[in-house]
Amino acid sequence: MNNQSMTSKQEPQESKFVVRDGMLYVGDQPIGRDIRVIALQTNLDTNEVGIVLEFEDNGKKIRRRISRSDLTKPGLVKLTRYGADTWGEVVEHYVDYLREQVETMPRTYVHSMVGWDEFEGQLFFKHHKAVGLHSSYVGSQHDIEPKGSYDKWFALVEAEVLGNPWLEFALVVGFTAPLVSLIGKKVHIDSLFFNFVGKTTSGKTTSTRLGLSPWGLPDSRDNGLLKLWFGTDQGILSNLTGNFGIPIGIDDTSLQEKDKDYTALIYRLVVGKEKQALNADGTLRQRGEWNTTIISSSELSMFDGTDQRAGLRVRLTEVVAPYWTSSAENAERIERGVLENYGHAGPKFVEYLMENYSVDQLVAEWQLAKDLLLKYMEKDRLSARIAGKFAIVLLTGKLVRTALGLALDLEQLAKTLLHIEKKSVESRDVGDTAYRYLMEFFMRNKSKFFEDRAQKGIVQRGECLGKYLTNGDTVTEIRIPKEGNFAKVMADGKFTDLESIIESWKQKDLLVCDVGKNYVNRVFEKGMPRVPLYAIKVIELEEDTPESFEVVFGDDMLAFLADEDVEADTWTEDVAYEEIGSEEAENEDFGYDEVAHEDDSEEDAPYEETGDEEAYEETYDDEMEYEVDPDDDVEYEEEEQEDYENIA
């Protein structure tokens, strides 16, 4: 049998094609300019086999990547638009010639998405050049090709960043992206979402660029990693699809429409899934997913334009720094430096992770960091979930310091995280936030309230929302009808959980109430019957000024930061909280699995690479609503359930 196989085996035939002086011939007949196959590639993300061709046009070398399925007469004729000589009368010869080259070409790998992935059971990281596998980036979504030098970037960080706690924080946040996705393979963790808040020229955008610079071009031009808030929700989400480990920045919320409600968008950004939709033929469209770190920047709080439930503040962390850069010159040097040197430090960091840690080891380190942060945090019922997210940042700082040799101040980083959480706990007190809002609303709209003087007040013409009591020239109490008016006033500030607000005010002795009630039955207007009124005391609010924050760490935290063994602690806290993993159940309940029917237009179809790589457009449908699946029996915390149910 072996002999028969050997005898029947044919010797390779000599090619009928000859190349002389850059021209292709069949025998002595000239066909056109030579076209070479320089790569045969399998895309690890699409499984598509592609062919990279090279030819000359007008003295310049042209490279085009086509699908293997385009190695046909109709497919090659399209190359004439780029200067190839694949005219209809000779294209059949080019088909044979290129297929002949493909047969002897070794297979290589490419990728069009970024971050962690697996190939044949092997974990690797997709960057410009993959770490852990020979594969190159051929996507067009992100400019992640390294530029400048790592040494210059490192020197810049040492000179301009180290010693500034807020810049060190921003830098470390940028490095968290691969840990979010990697640890998320074992423990469910949503994408991290930070919003750097500050006035114009405070350095917030420069800080965002700094955090992105280890991975790619930290700019909004030329497909850089810094995107803009200018666009539809779906357009913004499309920047994240297929990203499992490289940070994305979104700059300048002022580019969004006025009074934008970010509630649904924040949930979708953090959960990491596009809405389920149908293709034109009625089949399910593959929806985009991601798990990474998102850094936004804005002059004003994004929470000003969102539902005021506390659950949203678990998903978005706002960082209001007293300063970001130390001076205009400091900001200018950082900006110039990171725009000239980027894309080097991120892959180095990933190499260190892959060479020194297993996923299980990283999860154990993350859990320890979480427990330590929770020990020193000011706590409420959401603190454990916040601690899980902040533990990623603290662990990242520790790993970056060792991996790159950067002298990061980890003790200060831990204090910065605790300070951010302290301010967040205060803002998560919906009663306090709602009270401050009501006082500001009253001052802005005082003309819509009348002064009650021993029941002799006169209701002025126009809209009337309530009345107020005074002692001399001082307003002491605001009374608003319980039915209708109170909900209208609070809805203007996007407060919807009115029962929780009233209960909080009652506990803080901010209400005047009848016995056994949380309101008073009084005459609102002279000559009218008594009606239930919310009677809110007016007290002097403490000024919300920046304050110093100090915490003294014990040996356990100091040992962790110094990368020493930490002995098991015996401390306990009587705090009820949910594990981070429970967010997965919540996310499943948020109606991301419903199907949205879309137009049959070609523009609505997801982009796929075509043989001639023509430009494309996408039309996004932002009108689809979210619904909760009533048949889902997953149980989760009642208030968080309300967050999802009211997000339509």
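This is a predicted model, so every value here is computed, not measured.

Parameters at a glance
Per chain, residues are indexed from 1 in the order of the written sequence. Whole-chain, interface and lining totals are the exception, using all residues; otherwise, since this is a predicted model, local features are given only for residues with pLDDT of at least 70 and side-chain atom pairs are given and counted only at 80 or more. For the side-chain quantities, the full set of heavy atoms in the structure was used; hydrogens and water were omitted. In this text, helices come from DSSP runs of H or I with a minimum length of four residues, and strands from runs of E with a minimum of two, each type numbered from the N-terminal end. Note on definitions: a residue-residue contact is assigned when non-hydrogen atoms from the two residues lie within 4.5 Å. To obtain each axis, a line is fitted to C-alpha atoms, and for helices this fit is confined to the stretch in contact; angles are then taken between N-to-C directions over 0 to 180 degrees. Orientation labels follow simple angle bins: below 35 degrees gives roughly parallel, above 145 gives roughly antiparallel, 65 to 115 gives roughly perpendicular, and whatever is left gives oblique. Put simply, Ala, Val, Leu, Ile, Met, Phe, Trp, Tyr, Cys and Pro go in the nonpolar bin, Asp, Glu, Lys and Arg in the charged bin, and everything else, Gly too, in the polar bin. Classification of ring pairs uses Phe, Tyr and Trp, with its six-membered ring standing for Trp, and accepts pairs whose centres are within 6.5 Å; under 30 degrees between planes counts as stacked, over 60 as edge-to-face, and the remaining range as tilted. For every residue, the accessible area (1.4 Å probe, protein chains only) is compared with the maximum for its type, and the residue is labelled buried under 20%, exposed over 50%, or partly exposed between those bounds. Note on criteria: charge over ring means Lys NZ or Arg CZ within 6 Å of the ring centre, with the direction from the centre no more than 35 degrees off the ring normal. Arc definition: it is the arc formed by the directions from the helix axis to the C-beta atoms. Strand pairing is assigned whenever DSSP detects at least two bridges linking the two strands.

1. Quick notes on the environment of Ile 536
Along the polypeptide, Ile 536 turns up in strand β22 (residues 530–537). Along the sequence, Ile 536 and Arg 479 sit 57 residues apart, while their C-alpha atoms lie 6.3 Å from each other. The residues contacting Ile 536, other than those within four sequence positions of it, are Tyr 435, Leu 438, Met 439, Thr 476, Glu 477, Ile 478, Ile 480, Trp 505, Leu 510 and Leu 511.

2. Overview of the packing of helix α12 (residues 345–356) against helix α14 (residues 383–404)
Think of two packed helices as two axes; the pair is described by the angle between the axes and how far apart they sit. Where α12 meets α14, the axes come as close as 10 Å, and the angle between the chain directions of the two elements is 95°. By the angle class used here, α12 and α14 are roughly perpendicular. Residue-level contacts link Ala 345, Lys 348, Phe 349, Tyr 352 and Leu 353 of α12 to Thr 396, Leu 399, Val 400, Thr 402, Ala 403 and Leu 404 of α14. Here the residues of the contact of α12 with α14 sort into eight nonpolar, two polar and one charged.

3. Looking at the packing of aromatic side chains
By convention here, two paired aromatic rings are described through the distance between centres and the angle between planes. Scanning the model with the defined rule gives 24 aromatic pairs in all. Between the aromatic rings of Tyr 435 and Trp 505, the centroid separation amounts to 6.1 Å while the plane-to-plane angle is 85°, which identifies the pairing as edge-to-face. With a gap of 70 residues between them, Tyr 435 in helix α16 (residues 430–444) and Trp 505 in helix α18 (residues 498–507) connect regions that are remote in the sequence. For the pair Tyr 435 and Trp 505, a shared accessibility class is recorded, and that class is buried. Ring centres of Phe 442 and Phe 449 lie 5.1 Å apart, and the angle between their planes is 75°; on these two criteria the pair is classed as edge-to-face. Residues Phe 442 and Phe 449 agree in their burial class; the two are buried. Members of the aromatic cluster, connected to one another through ring pairs, are Trp 116, Phe 125, Tyr 150, Trp 153, Phe 154, Phe 175, Trp 215 and Phe 349. Over the face of the ring belonging to Tyr 150 we find Lys 348, whose NZ or CZ atom lies 4.9 Å from the ring centre.

4. Overview of helix α4 (residues 150–160)
Inspection of α4 places Tyr 150, Trp 153, Phe 154, Leu 156, Val 157 and Glu 160 among the buried residues, and these make up the whole buried set. For α4, the angular spread of buried residues about the axis comes to 160°, placing them on one side. The outward face of α4, more than 90 degrees from its buried face, is lined by the exposed residues Asp 151, Lys 152 and Ala 159. Taken together, the buried residues of α4 touch α5 (165–175), α11 (328–340), α12 and α14.

5. Let's talk about the sheet that holds strand β12 (residues 226–228)
One key point about sheets: their strands pair by backbone hydrogen bonds, in either a parallel or an antiparallel sense. The strand order β12-β14-β15-β11-β16 describes an open sheet built from five strands, whose pairing is parallel. Each of the sheet's edge strands pairs with one partner strand only, and the pair in question is β12 and β16 (317–320). Strand-to-strand twist in this sheet, taken as the mean axis angle between neighbours without regard to direction, amounts to 25°. Note: strand β14 (residues 248–251) against strand β15 (residues 293–298), four bridges, orientation parallel.

6. What to know about the sheet that holds strand β2 (residues 23–26)
Pairing is antiparallel in the open sheet, where three strands are placed in the order β1-β2-β3. Each edge of the open sheet is held by one strand with a lone partner, namely β1 (17–20) and β3 (29–33). Recorded for the sheet is a direction-independent mean angle of 30° between the axes of neighbouring strands. Strands in contact with helix α3 (residues 91–103) are β1, β2 and β3; relative to β1, the strand with the most contacts, it is inclined by about 90°.

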